[in-house]
Amino acid sequence: MKAADYDLVIIGSGPAGLTAAIYAARARLNVLVLEKVAPGGQILVTDWIENFPGFPEGISGADLVMKMTEQVRRFGVEIETNEVLSLDFSEDMKKLTLNDRTISTKTVIIATGASPRKLGIPGEEDFFGKGVSACATCDAPFYRDKVVAAVGGGDTAVQESIYLTRFVKKVYLIHRRNELRATRILQERAFANDKIEIVWDSVPTSVNGSIFGVESISIKNVKTDEASDLSVDGCFIWVGISPNTGFIKDALEVDKSGFIVANAKMETSVPGVYAAGDVRNTPLRQVATAVGDSAIAAFEAANYIENL
Ligand code: NAP
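Residues numbered from 1 in each chain as written. Predicted model: local features only at pLDDT ≥ 70, side-chain atom pairs only at ≥ 80, totals over all residues. Heavy atoms only, no water.

Participant: Just checking my understanding: could you explain the pairing of strand β13 (residues 213-221) for this structure?
Facilitator: The side chains of a regular strand alternate, first on one face of the sheet and then on the other. Examined bridge by bridge, strand β12 (residues 202-210) and β13 share eight bridges and lie antiparallel to one another. When the bridges of β13 are listed, Asn208 appears paired with Ser216. The antiparallel pairing of β12 with β13 creates a hairpin that spans two residues between the two strands. Both β13 and strand β14 (residues 227-231) contribute to a ladder of five bridges, which runs antiparallel. In the strand pairing of β14, Ile219 is matched with Ser228. Taken together, β13 and the strand that follows it, β14, pair antiparallel across an intervening segment of five residues, in which Asp225 is found at a positive phi of about 70°. (Pairing = 2+ DSSP bridges. Helix = DSSP H or I, 4+ residues; strand = E, 2+ residues; numbered from the N terminus.)

Participant: Honestly, the state of the cysteines in this entry has me stumped. Any pointers?
Facilitator: All chains considered together, the criterion is met by one disulfide. Through a disulfide, Cys135 is tied to Cys138; the S-S separation comes to 1.9 Å. Here the S-S torsion is close to 80°, and the disulfide linking Cys135 with Cys138 is therefore right-handed. You can call Cys135 buried: its relative accessible area is 10%. (Disulfide = S-S within 2.5 Å. Buried < 20%, exposed > 50% of the residue type's maximum accessible area, 1.4 Å probe, protein only.)

Participant: I would appreciate a short explanation of the nonpolar core in the present structure.
Facilitator: General note: in soluble globular proteins, nonpolar side chains tend to be found buried as a group. Counting residues in hydrophobic clusters, the biggest one holds 36 residues, and the most contacted among them are Leu8, Ile10, Leu64, Ile109 and Val287. Mapped onto this core, the elements with two or more residues apiece are β1 (6-11), α1 (15-26), β2 (31-35), α2 (61-74) and α6 (287-306). Among the elements that take part in this core, α6 stands out by supplying nine residues, more than any other. If we ignore the near neighbours within four places in the chain, the residues touching Ile109 are Leu8, Val9, Ile10, Ile11, Ala20, Tyr274, Ala276, Ala297 and Ala298. (Core = buried A, V, L, I, M, F, W, Y, C linked by side-chain atoms within 4.5 Å. Contact = heavy atoms within 4.5 Å.)

Participant: What is the right way to look at the site of the ligand in this model?
Facilitator: Near the ligand, the surroundings consist of 19 residues, among which Asp155, Thr156, Gln159, Arg177 and Arg181 are the closest. Gln286 places a side-chain nitrogen or oxygen 3.0 Å from an oxygen atom of the ligand. Computed on the free molecule, the ligand has an accessible area of 920 Å², of which 77% lies beneath the protein chains in the complex. Here the element with the most residues in the shell around the ligand is helix α4 (residues 155-164); it accounts for three residues. Looking at the shell around the ligand, its residues break down into four nonpolar, nine polar and six charged. (Near = heavy atom within 4 Å. Polar contact = N/O pair within 3.5 Å; in protein donor to acceptor, adjacent residues only side chain to side chain. Areas by Shrake-Rupley, 256 points an atom, 1.4 Å probe, with all protein chains shown as cover. Nonpolar A, V, L, I, M, F, W, Y, C, P; charged D, E, K, R; others polar.)

Participant: Please clarify how the environment of Ile59 should be interpreted in this entry.
Facilitator: Following the sequence through the fold, Ile59 ends up in the loop between β2 and α2. Of the residues examined, Ile59 reaches a relative accessible area of 6% and is grouped as buried. C-alpha separation for the pair Ile59 and Thr165, spaced 106 residues apart in sequence, amounts to 19 Å. Contacts of Ile59, omitting those with residues within four sequence positions, involve Asp47, Trp48, Ile49, Leu64 and Lys67.

Participant: Sorry, what's going on with the sheet that holds β12 here?
Facilitator: Within a sheet, neighbouring strands are paired by backbone hydrogen bonds and run either parallel or antiparallel to one another. Strand order across the open sheet formed by three strands is β12-β13-β14, with antiparallel pairing between neighbours. Each edge of the open sheet carries a strand with a single partner, namely β12 and β14. Within this sheet the neighbouring strands show an average axis-to-axis angle of 25°, counted without direction. (Axes fitted to C-alpha atoms, helices over the stretch in contact; angles between N-to-C directions.)

Participant: What am I meant to see in the packing of α1 against α2 here?
Facilitator: Between two packed helices, both the angle of their axes relative to each other and the distance between the axes serve to describe the pair. α2 packs onto α1 with a crossing angle of 25° between their chain directions and a minimal axis gap of 9 Å. Classified by the interaxial angle, the pair formed by α1 and α2 is roughly parallel. Once α1 is placed against α2, the crossing between them reads as left-handed. Contacts between α1 and α2 pair Pro15, Leu18, Ala21 and Ile22 from the former with Val65, Met68, Thr69, Gln71 and Val72 from the latter. Broken down by class, the residue content of the contact of α1 with α2 amounts to seven nonpolar, two polar and no charged. (Parallel < 35°, antiparallel > 145°, perpendicular 65-115°, else oblique. Left-handed = near helix turned anticlockwise from the far one by under 90°.)

Participant: Looking at this model, I keep getting lost on the sheet that holds strand β10 (residues 170-174). Mind explaining?
Facilitator: Strand order in the open sheet formed by five strands is β8-β15-β9-β10-β11, with parallel pairing between adjacent strands. Each edge of the open sheet is held by one strand with a lone partner, namely β8 (132-133) and β11 (196-199). Bridge count for β10 against β11 is four bridges, and the pairing is parallel. Looking across to β11, one finds that Tyr172 is bridged to Glu197. Where α4 meets the sheet, its contacts fall on β9 (147-151), β10, β11 and β15 (234-237), and the angle it forms with β10 comes to roughly 170°.

Set out below in structure tokens:
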């Protein structure tokens, strides 16, 4: 094989990408980490993480990212802000087209995570950033003593609704079924919180407002078909995530939801290319699982290079 620019390129610098960087640096690989915006990924906007071992009181997402980034830098790994536009895996030496150049590498770990999904209802796009949000840590302070809607029944919707109650007067948590998907401890906290009113069996049909911002959300009861409006000043949408895989196109096998198919060694359909963290088809999306995936991916990348 011709000399490659890098042994390993890691795409993404959330907990998965940063962990892969630590393991790769310690394996003495010539590694580059690429990040489109800023290190951290989704946990950067996670208020409090209390299920990552080692932090008995919990830790804010931003602090955890800072610590992980410091650890990566201590091992001398470069984190470059740049976007991967396309991938060429047709030869053993993989090529990545970035904003400003094309680079070559022996192995790749894709750790680009996922982004909040949208509902696709009228008003959602128009009011995005003007009353519609997917980030409580960013926007909750704008709704001090106001009434907001939160849509979804998973861990994100429930955890972030609880966080919102530190600021707002009331949260209508709108869920399409009569049972939450979120983990039990979060459900218990939501049920015990006087500021959260759960609107069961309902889906939003539009977000309504004026030049002054969001004024109400229209909902429909899926069992009775009854339509109604809730007066709210803001609307948070947490209905799941989509993988950040737009640049992959058909370079790799993905599942029907677009998550990268990878086995227990994090190997994808292309030898020498690994996927780790939320972007992978995994049964559990946590910081702990992202970190575990990446340790394996970096270990396997080093083995692959050894055997070239
Ligand atoms: P999720 O677990 O996929 O939950 C999405 C929620 O939105 C579900 O309750 C779903 O309803 C609802 N939903 C989906 N599409 C909808 C639609 N079109 N209209 C109305 N409701 C809709 O997503 P998530 O909560 O963002 O979590 C993503 C991953 O991150 C999960 O693996 C989660 O465990 C993890 N996470 C963990 C933590 C933590 O450990 N503290 C915190 C945040 C996220 P149904 O229930 O009816 O499907």
